[in-house]
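So the chains spell out like this:
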Amino acid sequence: MRHHYIPQFYLRQWLGADFKLQEFRRGYEGRIQTGRYGTLSTGYVDDLYALAGVSDRLKHEIERLFMGPVDTAATIARDLLLQGEIPQGEMRACWARFLLSLLTRTPEQIAAFKAKVAADWKKPQPEMRERYLQVRRPEWPEDFEEMMLSLDPALAERTAIILATKMMQNQKTLQLLMSAMWWVLDISQLSNQTFMTSDHPLIMTNGLGRDDGHFALPIGPRHLFIGFMNHDISHSVRGLKAERIVNEVNKLVIGQGRKYVYASDATELDNVRTGMGKLYYMTLLSEDI
């Protein structure tokens, strides 16, 4: 099953009259290729969130019961933002959850979760190993971790997927996102500039825990969602020229892109080729774990 880590609802705002958007893709030997594609054909990995070692009926439960509802609710919140209405109440929580999911649902982060859980699995806590040795029978494996894997070889991988979904529901981080001052920049008055996006589209400056921090997400070619942690940074950003904000945002989403960058057209091909993948992007779990 195709699991879209860049949701189709999110990318549809960049569709043109041909019902396609401009995709810039890192392909063979790292070369950047570009073409027009529909949202179904991009931003996905087959079985990315599949639960290993379970029945076919349960294999895609994370996609069906978690990812799908997160994106469905976020569609409503996004539409409010595009209409100039800042979501409140449950819709505010839904949008914050979607933002948080963007930091965790990528192939890179899912792989990092699996690697971390697998490493931890091979180094169980000493008290668990000691207790196992105390009750171990002669026919049982000598190592505790070998015993656990013999019972369920897919347990570690399945645990990693479940932990990733829990990370997307971290209440402390959600509260920080929701407590920020939210604003939408509309650049419809600019005739020659549009926002781009990528497979790592959420921009964060200085982190969520700092008063001078802010975060942003392009939500369409002419709309940028921004959250500010205090009034000073809000006033500072709002005072910038729209052209400067567009240039900076596009530079960041291109630099944060790893496999995909998206736009309304191919105008920025040269900038994508020189800048894609050159910048760090915010994660909740280190890439090098």
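For the structure itself, look to the data block above.
Predicted model, so just to flag it, every value in this text is computed and none were measured.

Peer 1: Explanation requested: the overall build of the chain in the structure shown.
Peer 2: Helix and strand counts for the chain come out as 11 helices and 10 strands. The dimensions of the chain, computed from C-alpha atoms along their principal axes, are 75 × 45 × 35 Å. Expressed as a percentage of its 289 residues, the buried residues of the chain come to 47%. Taking all contacts inside the chain whose residues are at least 6 apart in sequence as the whole, residues at least 24 apart take part in 68%. Entry remark: accessible area of the chain is about 14,700 Å², with carbon and sulfur atoms responsible for 52%. Taken as two groups, the 35 positive and 35 negative side-chain charges of the chain have centres that lie 2 Å from each other.

Peer 1: Help me understand the packing of helix 2 (residues 61–82) against helix 3 (residues 89–102), please; the structure alone is not making it clear to me.
Peer 2: Each pair of packed helices gets described by two things: the angle between the helix axes and the distance between those axes. Two elements in contact, helix 2 and helix 3, have axes separated by 8 Å at closest approach and are oriented at 115 degrees. Looking at the two axes, helix 2 sits roughly perpendicular to helix 3. Here helix 2 runs over helix 3; the crossing is left-handed. For the pair helix 2 and helix 3, the contacting residues are Val70, Asp71, Ala73, Ala74, Ile76, Ala77, Arg78, Leu80 and Leu81 in the first and Met91, Cys94, Trp95, Arg97, Phe98 and Ser101 in the second. Each residue belonging to the contact of helix 2 with helix 3 can be placed in one class, and the counts come to 11 nonpolar, 1 polar and 3 charged.

Peer 1: Explain the packing of aromatic side chains to me, please; I cannot follow it from the model alone.
Peer 2: The relation between two aromatic rings is expressed through the spacing of the ring centres and the mutual angle of the planes. Going through the model one piece at a time under the given rule, you end up with 10 aromatic pairs. On the basis of an interplanar angle of 35 degrees and a centroid distance of 5.3 Å, the ring pair of Trp95 and Phe98 is categorised as tilted. You can see Trp95 and its partner Phe98 sitting in helix 3, 3 residues apart, about one turn around the helix. Residue classification places Phe98 among the buried residues on the basis of a relative accessible area of 0%. Aromatic ring contacts, followed pair by pair, group Phe9, Tyr10, Trp14, Trp95, Phe98, Trp182, Phe215 and Phe225 into a single cluster. Taking the ring centre of Tyr37 as reference, the NZ or CZ of Arg25 above it sits at 5.5 Å. Geometry around Trp182 places Arg92 over its ring, the cationic atom sitting 3.9 Å from the centre.

Peer 1: What is the right way to look at the pattern of salt bridges in this model?
Peer 2: The tally for this structure, following the rule as stated, stands at 8 salt bridges. Where Arg25 meets Glu23, a salt bridge forms, and the shortest distance between an N and an O atom there is 2.9 Å. Exposure remark for Glu23: the relative accessible area of 1% places this residue in the buried category.

Peer 1: So what exactly am I meant to see when it comes to unusual backbone geometry here?
Peer 2: One non-glycine residue with positive phi stands out, namely Glu29, at about 55 degrees. With respect to the secondary-structure elements, Glu29 resides in the loop between strand 2 (21–26) and strand 3 (32–37). Despite not being glycine, Asp47 has its phi angle at roughly 60 degrees, a positive value. Its place among the elements puts Asp47 in the loop between strand 4 (44–46) and helix 2.

Peer 1: Where do I start with empty space enclosed by the protein in this structure?
Peer 2: Rolling a probe over the atoms, with the probe sized like a water molecule, indicates the empty space that remains. The full count for this structure, using the stated rule, is 1 cavity of 30 Å³ or more. What the largest cavity holds in volume is close to 40 Å³. Residue lining of the largest cavity: Leu102, Leu103, His200, Pro201, Leu202, Gln256, Tyr281 and Met282, and that is the complete set. For the lining of the largest cavity, the per-class residue count stands at 6 nonpolar, 2 polar and no charged.

The rules behind the values
- What you see as residue numbers is a count from 1 along each chain, following the sequence as written.
- pLDDT decides what is reported in this predicted model: residues at 70 or higher carry local features, side-chain atom pairs at 80 or more are listed and counted, and totals for whole chains, interfaces and linings draw on all residues regardless.
- The side-chain numbers reported here are obtained from all heavy atoms of the structure, hydrogens and water having been left aside.
- Think of it this way: any DSSP run of H or I at least four residues long counts as a helix, any run of E at least two long counts as a strand, and we number them from the N terminus.
- Relative accessibility thresholds used throughout: buried, under 20% of the residue-type maximum; exposed, over 50%; partly exposed, between the two (1.4 Å probe, protein chains only).
- Residues count as neighbours in contact if any of their non-hydrogen atoms are within 4.5 Å of one another.
- With residues, only the protein chains shown are counted as cover, and all accessible areas are computed by Shrake-Rupley using a 1.4 Å probe.
- As used throughout, the charge tally considers Lys and Arg to be positive and Asp and Glu to be negative, leaving His and the chain termini uncounted.
- Positions of charges follow a simple convention, taking NZ of Lys, CZ of Arg, CG of Asp or CD of Glu.
- Axes here refer to lines fitted to C-alpha atoms; in helices the fit is confined to the stretch in contact. Angles between the N-to-C directions go from 0 to 180 degrees.
- In these notes the angle categories are as follows: under 35 degrees is roughly parallel, over 145 is roughly antiparallel, 65 to 115 is roughly perpendicular, and the rest is oblique.
- By convention the crossing between two helices is left-handed if the near helix lies anticlockwise of the far one by an angle smaller than a right angle, and right-handed if it lies clockwise.
- Here the term charged refers only to Asp, Glu, Lys and Arg, the term nonpolar to Ala, Val, Leu, Ile, Met, Phe, Trp, Tyr, Cys and Pro, and the term polar to all other amino acids, Gly among them.
- Here is the rule: rings of Phe, Tyr and Trp (six-membered ring for Trp) pair when centre to centre is within 6.5 Å. Planes less than 30 degrees apart are stacked, more than 60 are edge-to-face, and the remainder are tilted.
- Think of it as a cone above the ring: NZ of Lys or CZ of Arg counts as a charge over the ring if it is within 6 Å of the ring centre and within 35 degrees of the ring normal.
- Counted as salt bridges are all cases of a side-chain nitrogen of Lys or Arg within 4 Å of a carboxyl oxygen of Asp or Glu.
- Think of a 1 Å grid over the protein atoms and nothing else: a 1.4 Å probe that fits but is trapped marks a cavity, an open set flanked by protein within 12 Å on at least five of seven lines marks a pocket, and residues with an atom within 4 Å of a point count as lining.
- Grid points are joined across faces, edges and corners, and a volume is the space filled by probe spheres set on the points.

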